[in-house]
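# Per-entry structural report
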Amino acid sequence: MGLQHYIAERKKSKDLLVMAHVVCGYPSFAENLQELEIMAEAGVDLVELQFPFSEPSADGPLFVHANEQSLKAGTTVDQCFEFMKLISERFDFKVLMMGYYNTAFKMGEARFVQRIKESGGVGYILPDLPVEESGNLHRLSAEAGIEPIILMTPTSTDRRLAQLGAASRGMVYVVARKGVTGSKTSMGDDVVALIARCRQHTDLPMGVGFGISCKADMDFLRGHADLAIVGTAALKIWQESGAEGLRRFFAELMA
Amino acid sequence: MDIFDFSEGREGYYGEYGGVFLPEILHATIEELLVCFRECKADPKFWQDYVALLQNYSGRPTPVTHLENLSRKLGGAQIYVKRDDLNHTGSHKINNVMGQGLLCQRLGKSKVIAETGAGQHGFATATMAARFGFDCKIYMGAVDVARQRPNVFWMENLGATVIAVQDGQKTLKDAINECMRDWVTNMADTHYILGTACGPHPFPEMVSWFQSIIGLEAREQIIKQTGRLPDRVYACVGGGSNAMGIFQGFFNDDNVELIGCEAGGQGVGSYMHAARLAYDDATVGVAQGFKTYFLQNAEGNMNETHSVAAGLDYIGINPIFSYLWEQGKVRFEAATDVEVKEILKLVMRTEGLIPALESTHAFVTAIKEAPTMGKDEIILINQSGRGDKDIFTIADALDDAKWKAFIEGKADQYRKERQ
């Protein structure tokens, strides 16, 4: 079942899905697993599993630190794929690889796609790989039934959005504002206008991310987006108040 | 040879190296920069303004000096030096920065950001920003801030805000990442003044274009002084901007050999160096916006690098050199920290020149090879920066006891004044 179809199915029973995020090996794989159990219980629909990279230039301070610490602890790409396999077998949600292009480039694009497939993943997000450079990878992905998630942004022109829309598969990731991951986005007319503009260029489900952190954001997105993408906020809660806090956070968010 | 004459669909690529690997949010900004750069490059008036600015502000053209004493001592080739150390702010970095300043005016942006390692590029950028009236932020790894206080002092006094970057290895590459993060937020009014011929297209081409002034001058000067072209041209290579600068003057001269000198650090097999092409440790990868040879592990995470010269201490090499190296157009050698310290002393004593530790790498390789060449052969070295302003670093590198005693005395004095 493709991602688009999966999202449509899940949307039959709720109006706004949630995609969550963990950085592999930070604070540890054991804690990742606890986080994901809580996310699964809360009914999270999709999870991006970030493979740590030494130069995470699109990430904000919290994820930068997480990438760095995970690598310092010795996290390898093999471990990340093993973990992907483990969680995609154990949980109902679908799993995406998230990371930087060099990870895919170094192992070879064909192998990268193959390993996602073998590990039960359904797609990937590589924020530093523009569509101009994606031709071969997208072709390999289509053959394997793995979906590349493309980002649409507030600075994208209509011409660019058309290009991005044409290359998109599965779903589209709408970046709600400029900047890196983790800062607050003020949900307002700008975001609605952006979603509407993106909508003109794709029929795929749309996830909105960057700065989604509370129930008010969810209420705001309902009716405009198909998925809310929650990243930094959840990691912050986990660090501040552990399992209990995270359980409360998702319960409130998805109430 | 025009390496910037890209074939259809391969804009920004040199062989398989280069390209643009950036978050989608920067696509429009990079497009805008590319369009503006193309206009500037096509406009003869822009280049005239650029040259005039460097003449009136930075002391160009910088001279070429014949090192008669050193040539005699080595008994081989005649050694000439292009003196880019005589620029305002003490290095070739000012060329690129002034050019991008003019470009930033055309873009209509009021703020500039820049990364810096040793502090030379930050210093030059702060200087340019003061002159042009731009708001200026310099990102610098916390480790570099700690070891390069004099440059930080000047940047701050020139009105720039210096931000110590606490991520990663806290050095140059981390400062570049932090610039990217600033840029993805503030691109509407901010131009990123990348300091070397690395990063996403059009930066490698743009920085090379501004630095080509070195080679244009040098070719004319050496012919005027010696009546002929040099046999070999040496330049140190960190990112590769000064080397691209001087080498471009000789790209069409088939009999001129071009030699890039990388940071050998603690030597072959030490894994404590920044020699991407001269040693076998680097592999092709994609990071910091472009594809090239990086010092990285098998999974694509970057390794730690080391050099006595902070300005050469970088994980990747400019994509143009990866290509030219493969094509056999540029040879790459490495100089170790130990060799650099020895040769710096030799050059100071023999010629009264104080090259920057970075530039001394080029001297090391040239001085190794000069004795094997004929007396009628000619060597040209690019002295990209001067060392006297890096007195703290050089005194450290030379382990100077009297300097240390002076610093201790100074510290005591400050301590007493505070009490």
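Conventions we followed
- Residues numbered from 1 in each chain as written.
- Chains lettered and ligands numbered in written order.
- Predicted model: local features only at pLDDT ≥ 70, side-chain atom pairs only at ≥ 80, totals over all residues.
- pLDDT = per-residue confidence, 0-100.
- Helix = DSSP H or I, 4+ residues; strand = E, 2+ residues; numbered from the N terminus.
- Buried ≥ 20, exposed ≤ 12 C-beta atoms within 10 Å, placed from the backbone.
- Pairing = 2+ DSSP bridges.
- Contact = placed C-beta atoms within 7 Å.
- Axes fitted to C-alpha atoms, helices over the stretch in contact; angles between N-to-C directions.
- Core = buried A, V, L, I, M, F, W, Y, C linked by C-beta atoms within 7 Å.
- Domains from an automatic or database assignment.
- Parallel < 35°, antiparallel > 145°, perpendicular 65-115°, else oblique.
- Left-handed = near helix turned anticlockwise from the far one by under 90°.

### Regarding the confidence of the model for chain B
On average, residues of chain B carry a pLDDT of 96, and 100% of them reach 70 or more. Interface predicted TM-score (ipTM) for the complex: 0.95; the corresponding pTM is 0.96.

### A few points about unusual backbone geometry
Residue and element names in this part refer to chain B. Between R60 and P61 the backbone carries a cis peptide bond, its omega angle lying at -5°. As for its position among the elements, P61 is in the loop between α2 (44-58) and β3 (64-66). For T89, which is not a glycine, the phi torsion comes out positive at approximately 75°. Tracing the backbone through its elements, the reader meets T89 in the loop between β4 (78-82) and α4 (93-107). Phi at D399 takes a positive value of approximately 50°, unusual for a residue other than glycine. Residue classification places D399 among the exposed residues on the basis of 9 C-beta atoms within 10 Å.

### Let's talk about the sheet that holds strand β9 (residues 227-229) of chain A
All names here are of chain A. Spatially, β5-β4-β3-β2-β1-β9-β8-β7-β6 is the arrangement adopted by the nine strands of the open sheet, whose pairing is parallel. At either margin of the open sheet sits one strand with a lone partner, and together these are β5 (147-148) and β6 (150-152). Two strands pair when backbone bridges link them, and strand β1 (residues 17-23) and β9 are joined in this way by three bridges, in the parallel orientation. By the bridge assignment for β9, M19 is matched with I229. Relative to the sheet, helix α2 (residues 29-42) contacts β1 and β2 (46-50), its axis offset from that of β1 by approximately 175°.

### Some remarks on the nonpolar core
V47(A) and L49(A) are the most contacted members of the largest nonpolar core, which has 217 residues in total. When residues of this core are assigned to domains, at least three fall in each of domain 1 (14-56 + 92-203) and domain 2 (59-90 + 213-397) of chain B. Setting aside anything within four residues of it in sequence, one finds V47(A) in contact with M19(A), A20(A), V22(A), L36(A), M39(A), F93(A) and V95(A).

### Observations concerning the packing of α4(B) against helix α9 (residues 203-226) of chain B
All names here are of chain B. Viewed as axis vectors pointing N to C, α4 and α9 meet at an angle of 130°, and their least axial separation amounts to 8 Å. In terms of orientation, α4 lies oblique with respect to α9. Where α4 crosses over α9, the handedness of that crossing is right-handed. Counting all contacts with α4, which are made through N95, N96 and G99, the residues of α9 involved are V207, F210, Q211, I213 and I214.

### Considerations on the environment of A362(B)
All names here are of chain B. Inspection of the secondary structure puts A362 in helix α13 (residues 357-369). Residue classification places A362 among the buried residues on the basis of 30 C-beta atoms within 10 Å. Considering only alpha carbons, one finds A362 and N382, 20 residues apart in sequence, at a separation of 7.3 Å.

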